[in-house]
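# Per-entry structural report
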Amino acid sequence: MTRKQRRGLLIGFGVGLLSLAAILMMFAFRQSVVFFHTPSDVAEHKIAPGMRFRLGGLVKDGSVVRGQGTKVLFSVTDTLQTVPVSYEGILPDLFREGQGVVTEGTLGADGHFVADTVLAKHDETYMPPEVAKALQEKGVKLGEGATHPGAVTQ
């Protein structure tokens, strides 16, 4: 084998190895990607039961029910549709009714969302960008002076 052939073989082997690594990384990333959906998306049956995704919207007024220990039941709404959520764990300090929330978990066959992560807004004017965009697309007014069903007015 000549030097030119060995060099070509080595370069070909390196490219093949890098391609294999890239394919494996893309496969791993595809499995860990979690998509964001609104309660209206869930109601329209765009999500298969058992699929992992993020559910975002507003915590519906009067829906928070604390169970034994750290079990909490509440509903997430985009003012058009509502999805019941159950969560076992410590809620963020800023979690409350009428505020923006993003939960991550899976949807049961009965339409009940089982969350394993709950994220709440971090100050008085912030709402997660994907929640704000989805709510605006559904016709919900946001910002100063906006009122909507389920909002906490001060």
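Here we summarise the structure given alongside this text.

Glancing now at the side chain of Thr103. Here Thr103 is to be found in strand E6 (residues 100-107). Judged by relative accessible area, Thr103 falls into the buried class, the value being 0%.

All right, on to the pairing of strand E5 (residues 82-88) then. In this sheet, E5 lies alongside strand E4 (residues 71-77) in antiparallel orientation, the contact comprising seven bridges. From the neighbouring strand, Leu73 faces E5, where its bridge partner is Ser86. Once E4 ends, the chain turns through four residues before running back antiparallel as E5, passing Thr79 with a positive phi of about 75°. Across three bridges, the pairing between E5 and strand E7 (residues 113-120) is parallel. Within the sheet, the bridge partner assigned to Val85 lies in E7 and is Phe113.

Let us now look at the pattern of salt bridges. All told, the structure shown has three salt bridges when counted by the stated rule. The partner of Glu104 in a salt bridge is Arg52, with the nearest N and O atoms 2.9 Å apart. Of this pair, Glu104 sits in strand E6 while Arg52 sits in strand E2 (residues 52-59), and the two are 52 residues apart along the sequence.

Let's shift gears to the nonpolar core. Ranked by size, the top nonpolar core spans 18 residues in total, and within it Leu55, Phe74, Phe113 and Val118 carry the most contacts. Elements supplying a minimum of two residues to this core: E2, E4, E5, E6 and E7.

All right, on to the packing of aromatic side chains then. Any aromatic ring pair is given by two values, namely how distant the centres are and how the planes are angled relative to each other. A full pass over the atoms with the stated rule returns two aromatic pairs. Note on Phe74 and Phe95: the rings are 4.9 Å apart at their centroids and 65° apart in plane angle, and the pair reads as edge-to-face. Taken together, the residues Phe74 in strand E4 and Phe95 in the loop between E5 and E6 connect sequence positions 21 residues apart. Grouping residues by exposure puts Phe74 and Phe95 together as buried.

Cut-off values and rules
- Residues numbered from 1 in each chain as written.
- Predicted model: local features only at pLDDT ≥ 70, side-chain atom pairs only at ≥ 80, totals over all residues.
- Heavy atoms only, no water.
- Helix = DSSP H or I, 4+ residues; strand = E, 2+ residues; numbered from the N terminus.
- Buried < 20%, exposed > 50% of the residue type's maximum accessible area, 1.4 Å probe, protein only.
- Pairing = 2+ DSSP bridges.
- Salt bridge = Lys/Arg side-chain N within 4 Å of Asp/Glu carboxyl O.
- Core = buried A, V, L, I, M, F, W, Y, C linked by side-chain atoms within 4.5 Å.
- Phe/Tyr/Trp six-rings, centres within 6.5 Å; stacked < 30°, edge-to-face > 60°.

What is shown is where atoms sit, not what they do.
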